[in-house]
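So the chains spell out like this:
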Amino acid sequence: MTGSFIAADELRTAANPLLLGPGAHGLRATADRARMAEEAGAGQLWLSQVPDNHDSTLVAAGCAAATRSMRIGTAVTPVAGRHPVQAAQTASALADLSGGRFALGLGAGHPFINEFVLGLAPVPPVAAMREYLTIVRTLLREGRADFVGRHHTAHASNVTGHGADVPILLGGMRPKMIELAAELADGLLLWLAPVRYVEEHVLPAVQEACARIGRDPATLPVLVEVPVYLADDHPNLYSDLEGLITQYAMMPSYRHVFEASGFGDRLAAGEIDRAMADAIAITGDAGDIAGRLEEYRTLGCVPVPATAIGDRPLELDTPDAFDRFLKAVCVA
């Protein structure tokens with residue numbers, strides 16, 4: 001392992017973490033929502049990235065400039081097409097801009113995006129990510145990286161004095177990527193992981209991986225990003241959720257999660273019913289949402305309610321709607 005692990009307690013205990021998708025309203029609107037979230041009591045704001053929208057690290061810069069105290073992180077920045085030296089440089093710059101509030105969440109991405117959208121040659125995701133994380137960690141923690149690998153090579157230094165305290169989190173859903181997070185990351189990020197999957201698959205893998213390398217699992221926070229919807233603001237909620245789940249089920253890693261959560265027969269039959277949607281997303285009123293988030297906390301995880309702003313299905317199209325969302329998910 002390279003360097004020490006940092007920020008476990010802060011990542012686990014910060015009040016009211018949120019994940020904000022880029023939506024369709026642009027960077028200025030996202031920065032405005034970040035400011036609203038901070039005023040509502042959010043202690044962490046995580047930013048997702050999708051292929052047809054802004055780069056998450058640039059959105060993080062706008063949100064860092066618009067806020068004063070909450071942690072700003074990417075969840076996740078895909079590594080495909082982005083050299084690890086560039087990722088470390090970006091993290092260093094955002095640490096400087098935010099006054100030490102930035103966290104770097106990295107993910108291997110998916111074959112459709114990496115190979116079709118970006119036209120990149122396929123690589124073994126765990127092996128390539130191991131090299132990637134090694135370079136990023138070493139460059140940020142130690143100020144220099146000299147590494148020659150099969151997938152990534154770097155001979156670089158960081159003379160800025162920024163970035164050594166940037167938490168590095170890894171997006172991972174299966175045992176091998178979870179094991180890598182235990183070896184080289186400050187936290188684990190999950191997306192669309194039902195409570196059953198977290199309890200039966202993720203947490204046992206965390207315990208096993210940490211035991212193997214002699215790491216206290218308490219130093220590896222597990223952040224579970226889960227879509228949250230106030231039912232009154234989404235009149236076509238379940239039909240829209242069916243579309244969302246269908247889209248993700250086409251990606252092998254998420255289909256594995258859904259099948260391991262007991263929904264294989266429904267996926268095979270093309271029948272995404274309300275019970276499946278309710279296991280993957282949190283819906284209802286503020287009381288319903290609070291109860292479901294508590295299920296993840298009871299497991300020892302950090303639930304991160306997620307939404308997006310814009311005018312597409314399942315997005316919040318007005319500041320008033322976002323304000324209602326914040327009041328439902330932020331606890332004083």
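Within each chain, residue numbers correspond to sequence positions counted from 1 in written order. For this predicted model, a pLDDT threshold of at least 70 governs which residues receive local features, and a threshold of 80 or more governs which side-chain atom pairs are given and counted, while totals over whole chains, interfaces and linings are taken from all residues. As a rule here, side-chain values cover all heavy atoms of the structure and leave hydrogens and water aside.

Under an unreviewed UniProt entry, the name given to the protein chain is F420-dependent oxidoreductase, MSMEG_4879 family, and the source organism is Actinomadura meyerae.

So what exactly am I meant to see when it comes to the packing of helix H3 (residues 56–66) against helix H4 (residues 84–98) here?
When two helices pack together, their arrangement is given by the angle between the helix axes and the distance between those axes. It is at 9 Å that the axes of H3 and H4 come closest, and there the two elements cross at 10°. The angle between H3 and H4 places the two elements in the roughly parallel class. Residues Thr57, Ala60, Ala61 and Ala64 of H3 form the contact with H4, whose own contacting residues are Thr90, Leu94, Leu97 and Ser98. Tallied by class, the residues present in the contact of H3 with H4 amount to five nonpolar, three polar and no charged. To get an axis, fit a line to the C-alpha atoms, keeping to the stretch in contact for a helix; angles then go from 0 to 180 degrees between the N-to-C directions. Think of it this way: any DSSP run of H or I at least four residues long counts as a helix, any run of E at least two long counts as a strand, and we number them from the N terminus. By the definition adopted for this analysis, an angle is roughly parallel if under 35 degrees, roughly antiparallel if over 145, roughly perpendicular if from 65 to 115, and oblique otherwise. Two residues qualify as a contact provided that any one of their heavy atoms is within 4.5 Å of a heavy atom in the partner residue. Each residue gets one label: Ala, Val, Leu, Ile, Met, Phe, Trp, Tyr, Cys and Pro are nonpolar, Asp, Glu, Lys and Arg are charged, and the others, such as Gly, are polar.

I would appreciate a short explanation of the layout of surface pockets in the present structure.
In this approach a probe as big as a water molecule rolls over the atoms, and the regions it shows empty are the leftover space. The calculated volume of the second largest pocket comes to roughly 170 Å³. Throughout, the protein atoms alone are placed on a 1 Å grid, and a set of points is a cavity if a 1.4 Å probe fits but cannot get out or a pocket if it is open with protein on both sides within 12 Å along at least five of seven lines; lining residues have an atom within 4 Å of a point. Together, 15 residues line the second largest pocket, and Asp233, His234, Pro235, Leu314 and Glu315 are the ones closest to its centre. Residue classes in the lining of the second largest pocket are distributed as five nonpolar, three polar and seven charged. Grid points are joined across faces, edges and corners, and a volume is the space filled by probe spheres set on the points.

Can you help me understand the pattern of salt bridges in this one?
Two side chains bearing opposite charge may form a pair once their charged atoms approach each other closely. Whenever a carboxyl oxygen of Asp or Glu lies within 4 Å of a side-chain nitrogen of Lys or Arg, that contact is scored as a salt bridge. Inspection of every chain in the model, using the stated rule, returns 18 salt bridges. In this structure, the salt-bridge partner of Arg274 is Asp278, at a minimum N-O distance of 4.0 Å. With Arg274 and Asp278 both in helix H11 (residues 274–280) and four residues apart, the pair spans about one turn of that helix. Look at Arg274 and you get exposed, because its relative accessible area is 54%. Any residue under 20% of the maximum accessible area for its type is buried, any over 50% is exposed, and the rest in between are partly exposed; the area is computed with a 1.4 Å probe on protein chains only.

When you look at the UniProt feature "domain: Luciferase-like" (unreviewed entry) in the protein chain in this model, what are you seeing that I'm missing?
When the UniProt feature table is mapped to this numbering, "domain: Luciferase-like" (unreviewed entry) covers residues 22–300. Note that residues 22–300 is 52% helix and 17% strand, and that its end C-alpha atoms are spaced 28 Å apart. UniProt positions are given in the numbering used here, feature names are shortened, and annotations may be inferred rather than shown by experiment.

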